[in-house]
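Observations on the three-dimensional arrangement
One letter stands for each residue in the lines below.
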Amino acid sequence: MNADDSDVLSRARVATRLPAQDLDRARRFYSERLGLEPVDERPGGLLYRCGGAEFVVFQSTGSSPGTFTQMAWEVDDIETAVSRLGRRGVVFEEVDVPGFRTRDGIAEITGNYPSKNARGERGAWFRDSEGNLLGIGQPVR
């Protein structure tokens, strides 16, 4: 690899892809529950933009195992986000395992990436209509 090739991905935008077995159902969930509308679409795919990033929900015969966070939003006020989404019918996961527990859908996470200039993070997780596990995070400064 030469020097011109070494940064080909570091300069590229990242775009998440989330599978949907029922694209119409997914569109309704993202609209009614999350308040998001696709900015573009093509047969079998819906393109969304949030805060300068993109993600696609695409028609798939496969499904997500929903065992890990596939995409997350970083917010300034997680309580407000959880409350507003809860009023729209979003159901947040409750977790209670050694070293990790949610209270009212929100977990306190120790440590954070030094580049975020935070001492920790608060997180909450929910599933979309297709079983994809999505998260919301707020750095703790």
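This text follows the structure it describes.
Bear in mind that the values here come from a model prediction, so they are computed numbers and not experimental data.

Procedures and definitions
- Residues numbered from 1 in each chain as written.
- Predicted model: local features only at pLDDT ≥ 70, side-chain atom pairs only at ≥ 80, totals over all residues.
- Heavy atoms only, no water.
- Helix = DSSP H or I, 4+ residues; strand = E, 2+ residues; numbered from the N terminus.
- Buried < 20%, exposed > 50% of the residue type's maximum accessible area, 1.4 Å probe, protein only.
- Pairing = 2+ DSSP bridges.

What follows concerns unusual backbone geometry. Even without being glycine, Asp104 reaches a positive phi, approximately 55°. In this fold, Asp104 is placed in the loop between strand S7 (100-103) and strand S8 (106-110). Judged by its relative accessible area of 71%, Asp104 is exposed. You will see that Asn117, though not glycine, has its phi angle at about 50°, which is positive. Tracing the backbone shows Asn117 in the loop between S8 and strand S9 (120-127).

This part covers the pairing of strand S4 (residues 53-59). By the bridge criterion, 6 bridges tie strand S1 (residues 15-20) to S4 in an arrangement that is parallel. Paired with Ala15 across the two strands is Glu54, which belongs to S4. As paired strands, strand S3 (residues 45-50) and S4 are joined by 6 bridges and run antiparallel to one another. Along S4, the bridge assignment pairs Tyr48 with Phe55.

A separate point is the pairing of S9. With 6 of its 8 residues buried, S9 lies for the most part within the structure. Inspection of the sheet shows S9 paired to strand S10 (residues 133-140) by 8 bridges, in the antiparallel sense. Among the inter-strand pairings, Gly120 is bridged to a residue of S10, identified as Val140. A loop of 5 residues connects S9 with S10, the two strands running antiparallel in sequence, and Gly131 in this loop sits at a positive phi of about 90°.

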